[in-house]
Structures are given as structure tokens and as C-alpha cells.
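Reading the structure
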Amino acid sequence: MDLQYTPEDTAFREEVRAWLEANYPKELRERVSRDQYTKEDFLTWQKTLYKKGWGAPAWPKQYGGTGWTSTQKYIFQEECARAETLPIPPFGPSMLAPVLMAFANEQQKAHYLPRIINGTDFWCQGYSEPGAGSDLASLKTKAERVGDHYVINGQKTWTTLGHFADWIFVLCRTNPNARKPQEGISFILVDMKTPGVEVRPIITMDGGHEVNETWFTDVKVPVENLVGKENEGWTYAKYLLVHERSGIAGVARSKKGVERLRKIASVELDRGEPIIRNPEFARKIAELEIDLTALEFTELRTLARESQGKGAGPESSVLKIKGTEIQQRITELTLEAVGVYGAPYFRGFPSESGNQFPIGPDYAHLAAPTYANMRKTSIYGGSNEIQRNIIAKMVLGL
Amino acid sequence: MDFNFTSEQDMLRDSIARLIREQYDFETRRKVAKSEAGWRPEMWAQFAELGLLGASFSEEDGGFGGGPIESMIVSEEFGKGLVIEPYLQTVVIAGGFLKHAGTAAQKEENIPAIAGGERIFAFACSEPKSRFDLNDVSVTAKKDGKGYVLNGQKAVVLGAPFASHLVVTARTAGGQRDKKGVTVFIVPKDAKGVSTRDYPTVDGLRASEIYFENVSVGADAVIGEVDNGFPLVEQVADEAIAALCAEAHGGMGVLNATTLEYSKTRKQFGQPIGNFQVLQHRMADMFMAYEQAVSMTYMVTLKLEEPEKQRKMAASAAKVQIGKAGKLITQESVQIHGGMGMTDELNVGHFFKRITMIESQFGNTDWHLRRFTELSNG
């Protein structure tokens, strides 16, 4: 056991840092800090990473992955967080791709995987429905086999960045007469341009447009778009959720968030002194940092197990729960730190550009909306209560 | 970066686990804790024979070539068995002082004797009014010719009834709370003028109040620098914290497993209580707290060699996490066991008490949160 980076790892870190410095678009940094990114921003950044050979570090080499060690992947994440690059949405590279690699046929792999890694297709996820949240298996969206096609009818919801997406992977019910709700579900890929697909925005309490309703009315999809076997989609859906959790700790980004919080707390005044000198506030930051250290080492232990081929098991639920709690606490403390300037709000108003009408310090502008927005993290990806059910069942055997 | 144990380390762990299983079962431990002697010297001799007492010393110092990771392994396994004998005080603490600051003669005299089980130490650092501040020292050591004369009282010195020797902090200069002016001495417990009042502790260990009345020691009793022993005390205390964290998470692992097992067998309302989601989520929280505690034990153990500030922050962070995890796991274990959790008969209460006491050894959660905050705010 040791914490030393090898000289190769240190050299790798320097290489990544220098490359990000030279290649991450400055104007993108500016837009991200104001939360005004576009679909093109994601795809451009993905294309840039792809050209460097870093399009999907976690993928196996045969599909264009980097072949990095788990330490190198960790370093890469840390450096991206440090440079505050635009996080690549997980739907294509981290969620769909592992399912395709494990369960799709050769033609599907050859067609879809390159388009994900080279920044051609933007994917979104069709899992949740108005009546199927934590109880995902109760989903009702129907796919009926008619000749060479499936005809899909129903409604998905919470489709994150669905308004950007070219494609959606959809869990559909293909056998309404199955014995259990988990049986009779299929995993189908749908082109968002297909007639009958309609995306309607959902505005969240932070005023942002991130999620959507996605409606399917007599949507005709060729049977080739089925992944794996008909009626076995639940297995693939669960596989995806485990993969989703393993990246969800967000340690590197949270470290950056704590660093930012510390900077804010050392200039915001409380009784005439930096609020970081207020013992109650300082204690909250200290507890946050300590919990983050514990999470970091738990993630490192998980990575070590993975690199020995033991795989990310249900323990990844720990990373999801603790990681999201910490992300939420950072935004909560940031809002506390900015005091009264947490209140001014411009989103959706004519003065939105902010530059025309700057009120309060820059770092305060998004503090309240971000705090509000981050409440989603303990709900999505299997709510934190569902994660505790998973630990109880899969780890504790209850 | 590497989180794997070597095969020698795995073997060390296995041999301790076997010893605990075969000779340190809970009933035996309970009897020993209540016996007149309060410990088993023959068990100590077995620890020596198995190489546990020398495992964390380098070969040139007379040990078997290990370090903090070996201490962590021994402490964790001892934690699972609620081991009474003073491994922490003798090997981690006295051994730590000797490793870092012992003269060649001091090392030669003491380290082989520790590894061989012949010499047992206790650490006389706390005083009746010092609480957790190791710089708060009013025991005095006055220069007397070439040597020193010690006077004063040390409080709750764990393991002292079993010890042959004491590591003592004493003031050679400055005021009661000054960091400068603290000197560390090795004093034989049978030195003239040392008297003790021995007593049991709530968690089944033994401790002493120790009184020094004109105790004369030679200049060669000083370990480390005269007047400047405090940085060394802090370093060794951080190493002790790492070992305590390992002992605590060892115990927490047993509590979690015991509680889980109980929830699968205890039936109420016609079904195992582990079927109830309200208990499942609490046990999931206990599992997470345990995992975080293990992570923090590794973290602090691997950071003991870092520069002073980083080392202290690591030790404080770990002690805070282990303190919180310990409260959660001990309290929930008793709660989920219901009335049975309250009894002396089950091991649950015994782990409850030991882990509760660990929280206040070498600074409690609040004390370390404050130290962490002060260090991180510069």
C-alpha cells in the first residue's frame, strides 16, 4: 500500500494539464461559468477529445478507449476538474456504450459506438415515466411489433438534455402479459427525428431548462434497433444503472467546488471578518472536507478493486449516496456564504446576459439556482433511498 | 498508488485472526477483564512469539522490517478481539518514540526487548487538568547534576498496571501550557518515588494514576531533545491515532456483522426484523459509515510520513470520521439488538464501550475538528 505516484503518472499528469491548457476553448470556459452552454459546445469538446485519442478514457481499447490504468483515469478526471472543463454528459459514453459493448450485435456496435466517441451523436435516456420513477419496472410505454418495425406509444419524462439529443435509448414494454413487471421490457434505440417523437421542456425550480417530457405517438422504429433480446431489457437497464453509479461520486469536481467555496468564504464578510473565521461556518466546511476525503479514499479503494478485475459491485451505491450528499452540501454552503447576494435573479428576464446589469459578486449569481438544481442529485440515477435498498439487498443480503 | 497488501501482510493478518479465534474468544476476554490480573502475560508472550510485537520495526532496529501498515493490521485484528494487552502503548507509542528519536543505545536496549515481549510500556501524558492537550504539562523535571528529578501526577495512564516502563512527558522549561519546554523521559516503573493507583476502566482495560515524588533519572533517560520534545509527542500521538482508528474500525466491522446477523434471525410480527425497511436503511448507513472509516484509516496510515501540517490534518480528519462512525454504529447496534443489546452477556455492549472510549483517546471529535479547522484556515 502506498500513495506515491510513479514518475510515469506524474509525467502523465503534466501532459494532460498542458494539453487541456492549450486545447480547452476559452470562450467555452466563459459560457460554462454562466451556465449558457449549447449542444454544439458538448459535441465540439467531445470531437476535440476524440482527435487527441481521449474521447472515452473508460472504454476498452478495441473501441477507441485509452488503455489507461485506473490511476491515469483518476488523474485525467482530476485535471479536467481543475481546468473546469465542460463535463461530457454520461448518456452516450458512460451509460449506453457499456450496454452496447456487452449486449448489442456487431453491426450495432460498429455503427453506434464510433458515432458516440467521435462526437457525432448526442444521446439521451428514456427511462423514467410519469408513473414510473423509483419503481422503474412499472413503466408503461409500449412497443408493438408490426412487421419489420416496433410501434412505440407512451411518455417518458425527466429526459435530461432531450432537446439536444439526436438519439434516445428507450425502455419499452413489449410483452404486457409477462408474469412480473421486470419481464417483458425491451431496450430500443430511437432516432429523435422519427415522426411522432415530441420533446416538451420542463422548467425546474432554478429556472433552467435541462429536463423534458418526451412523447411517443405511433413512432415507427425498425426492429434492428432492438438491443439484445426482446423482453430482456431489464437486465440491460440494471447493468446500465450500476455503470452509472460508478462514475457518480464526482470527487474531483467536488474538490474544485470546495476550493471555490473556500475562496468565497475568505472574502465574504461576517461581523467584519471573513466568514471562514466564523467558527460555526468553519466547522461546516471542515466537516465537508473530511467527508470528501473519506469519499475520495473509498473511491480509490473501489478503483483498486476494479483494476484487479473484481468489478464495481453494488458498493458503488455508497459512492452515489455520499457523492451526491457532498455535492449538495457544497452548493448549500456556497449559498450560505454569499449572503444577501444570493437573491438577485436574471434568468428568463431581458437582462439575462448579466454583463449589462451586474449585481453583486460574480460568484453569487448562480449560487441559489445551483443550490436548487443540485437537489436533483439525490433523486436521479436511482434515488438515495433506492440506493440504500440496493445496499441492504445486494451487500447485506437482507 | 496501490491499495493492496503484500502476501506477508496477508499472512500476518491471518495469523492474528487465527490466534484471536482460537484463544481470544469473547467469553475468555470477558473473564480475563474481570480477573484479578486483568490481562494474560502468557498471551503477550504468544504475541511476541508470533512476531506481532516486532512486525512494525525495521530490521536494523531489531524488528522484522515493517512499519505503520503492519501496526494497522495488528490493531485492526486486535480491535476485532477487544484485545486488552497494551500493544498500542508498547509497540506503537513507545516504539514510535524510540524509532524517531532513540539513541543507538536506547534502541538497542528497548526495541529487541519490546519485540521479544520482555519490556512493556505505558504512556504517561495526560494529567488531571490537561484534558486532550498534550502540551498542557505540569509534571516537572528539574535538572539535578547530570540527571533530572521528576515530580507530579499523571492521569488515566492506560495499560500502566501491566507495564515495566513508562514514557513520561514532563516540563523542563516554560509555563504549564507552553509547547516549548516539554521533554520526554523513559522511566522504569519500579524507579524509587514512582507510585501508582491501579484501576479498571469501563471498557475492560486497566489504567493507573501515577505519582512521581522526587524520582531521579539520568540524562540518558531523555528521549529526543531536551525542552523540544513536543513535536515528537505530536508525531507519535498521530501514529497512535492511526492505530486507534484501525482498532475502532475492526470493532465496528464486528458490530455491523453481529447486528446484521441478529436482524436476520430475530423475529417480530412473524418475520425477521431485517425485513423492515426502516432497519434496512439504518444498516445501510452503518455499512457506509464503516466503509468510510476503513478508508480514513488507510488514508491516515499512508500519510503519517507527510510533512507536519498534512500529517496532522490527516490524523484529525481520520479521528473525526472514526468518532462519528463509531457513535453511529455503536448506538444503532444496541438499538437494533433491542433489550439484548443492553446486556453484559452479549459482545455488543463491550464493543460499544471500547469504541466509545476510543473516541476520547488522543482527542475527541470536537477537539480534532477544531485542530483540522485551524490548520486548514492557516
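Here we take up the overall build of chain B. A count of helices and strands for chain B gives eleven helices and ten strands. Whereas a compact globule of 378 residues would reach a radius of gyration of roughly 21 Å, chain B reaches 21 Å, a difference of no more than 12%. Taken over the C-alpha atoms alone, chain B extends approximately 80 × 50 × 40 Å along its principal axes. Counting all 378 residues of chain B, 51% fall into the buried class. Long-range contacts, defined here as pairs at least 24 residues apart, represent 73% of the contacts in chain B between residues at least 6 apart.

Residue and element names in this part refer to chain A. Both faces of strand E1 (residues 123-126) are covered, namely the face carrying Trp123 and Gln125 and the face carrying Cys124 and Gly126. As paired elements, E1 and strand E4 (residues 167-173) share four bridges and run parallel to each other. What sits directly across from glutamine 125, in E4, is phenylalanine 169.

Once that is clear, we can look at the pairing of strand E6 (residues 197-203) of chain A. Residue and element names in this part refer to chain A. For E6 and strand E7 (residues 209-222), the ladder comprises seven bridges, and the chain directions are antiparallel. Its bridge partner being in E7, isoleucine 203 is matched across the sheet by histidine 209. Linking E6 back to E7 in an antiparallel pair, the connection comprises five residues, with glycine 207 at a positive phi of about 90°.

Now for the domain arrangement of chain B. Residues and elements named next belong to chain B. We note that the domain assignment places domain 1 (7-119), domain 2 (123-228) and domain 3 (231-376) within chain B. One C-alpha centre belongs to domain 2, the other to domain 3, and the line joining them spans 30 Å. Taken residue by residue, the interface counts twelve residues in domain 2 and twelve residues in domain 3. Within the side of domain 2 that touches domain 3, the residues separate by chemical class into six nonpolar, five polar and one charged.

The figure often quoted for interface size is the accessible area lost as the parts come together. In terms of domains, chain A is made up of domain 1 (7-88), domain 2 (122-232) and domain 3 (247-395). Measuring from the centre of the C-alpha atoms in domain 1 of chain A to the corresponding centre in domain 2 of chain A gives 30 Å.

Listed per partner, the contact involves 29 residues of chain A and 29 residues of chain B. Contributions of two or more residues to the side of chain A that touches chain B are made by helix H9 (279-307), helix H10 (316-338) and helix H12 (384-395) of chain A. No other element matches the 13 residues that H9(A) contributes to the side of chain A that touches chain B. Grouping the amino acids of the side of chain A that touches chain B by side-chain chemistry returns 18 nonpolar, four polar and seven charged.

As a further point, take helix H8 (residues 277-302) of chain B. Taking 1.5 Å per residue, 26 residues should reach 38 Å; H8(B) reaches 37 Å between its end C-alpha atoms and fits that length. When you tally the buried positions in H8(B), you get 21 out of 26 residues, the bulk of the element.

For any part of a model where pLDDT is low, the fine detail of the predicted coordinates should not be relied upon. Taken residue by residue, chain B gives an average pLDDT of 97. The fraction at 70 or more is 100%. Listed scores for the predicted complex are pTM 0.93 and ipTM 0.93.

Along an α-helix, a turn takes 3.6 residues, which lines up residues three or four apart on a common side. Taking 1.5 Å per residue, 14 residues should reach 20 Å; helix H4 (residues 68-81) of chain B reaches 20 Å between its end C-alpha atoms and fits that length. For H4(B), a buried count of 14 out of 14 residues is recorded, marking the element as mostly surrounded by other parts of the structure.

Moving on, we come to the nonpolar core. Val167(B), Phe185(B) and Ala318(B) are the most contacted members of the largest nonpolar core, which totals 152 residues. For this core, the element with the most residues is helix H7 (residues 230-265) of chain B, which contributes 17 residues. Among the nonpolar cores identified, the runner-up in size contains 51 residues, and Leu49(A), Trp167(A), Val170(A) and Met192(A) belong to it.

What follows deals with the packing of H9(A) against H8(B). Interaxial distance between H9(A) and H8(B) falls to 8 Å at its minimum, and their mutual angle equals 90°. Taken together, the axes of H9(A) and H8(B) are roughly perpendicular relative to one another. Of the residues in H8(B), those touching H9(A) at Thr293(A), Ala294(A), Phe297(A), Thr298(A) and Arg301(A) are Glu291(B), Gln292(B), Ser295(B), Met296(B), Tyr298(B) and Met299(B). Residue composition of the contact of H9(A) with H8(B), grouped by class: five nonpolar, four polar and two charged.

Here we take up the environment of Phe187(A). Residues and elements named next belong to chain A. Topologically, phenylalanine 187 is positioned in strand E5 (residues 185-191). For phenylalanine 187, a count of 29 C-beta atoms within 10 Å puts it in the buried group. Sequence separation between phenylalanine 187 and leucine 226 is 39 residues; the distance between their C-alpha atoms is 6.1 Å. In this structure, phenylalanine 187 is in contact with Phe169, Leu171, Val227, Gly228, Gly233, Tyr236 and Ala237, ignoring residues within four places of it in sequence.

A few words now on the environment of Met1(B). Relative to the elements of secondary structure, Met1(B) occurs in the segment before helix H1 (7-23). Distance in space between the C-alpha atoms of Met1(B) and Lys99(B) is 26 Å, their sequence separation being 98 residues. Every residue in contact with Met1(B), bar those within four places of it in the chain, is listed here: Leu3(A), Tyr5(A), Thr71(A) and Leu300(A).

Looking now at the environment of Ile355(B). Residues and elements named next belong to chain B. By the element assignment, isoleucine 355 lies in helix H10 (residues 347-359). Using a count of 27 C-beta atoms within 10 Å as the deciding quantity, one classes isoleucine 355 as buried. Setting aside anything within four residues of it in sequence, one finds isoleucine 355 in contact with Ala248, Gly251, Met252, Gly326 and Thr330.

Turning our eyes to something else, we now look at the packing of H9(A) against helix H9 (residues 308-337) of chain B. Close contact between H9(A) and H9(B) brings their axes to 10 Å; oriented N to C, the two are set at 90°. Here H9(B) runs roughly perpendicular to H9(A), going by the angle between their axes. Here H9(A) contributes Ile290(A), Thr293(A) and Ala294(A) to the contact with H9(B), which in turn contributes Ala317(B), Val320(B) and Gln321(B). A per-class count over the contact of H9(A) with H9(B) returns four nonpolar, two polar and no charged.

Definitions and cut-offs
- Residues numbered from 1 in each chain as written.
- Chains lettered and ligands numbered in written order.
- Predicted model: local features only at pLDDT ≥ 70, side-chain atom pairs only at ≥ 80, totals over all residues.
- Helix = DSSP H or I, 4+ residues; strand = E, 2+ residues; numbered from the N terminus.
- Rg over C-alpha atoms; globule rule 2.2 N^0.38 Å.
- Buried ≥ 20, exposed ≤ 12 C-beta atoms within 10 Å, placed from the backbone.
- Contact = placed C-beta atoms within 7 Å.
- Pairing = 2+ DSSP bridges.
- Domains from an automatic or database assignment.
- Nonpolar A, V, L, I, M, F, W, Y, C, P; charged D, E, K, R; others polar.
- Expected span 1.5 Å × (residues − 1).
- pLDDT = per-residue confidence, 0-100.
- Core = buried A, V, L, I, M, F, W, Y, C linked by C-beta atoms within 7 Å.
- Axes fitted to C-alpha atoms, helices over the stretch in contact; angles between N-to-C directions.
- Parallel < 35°, antiparallel > 145°, perpendicular 65-115°, else oblique.

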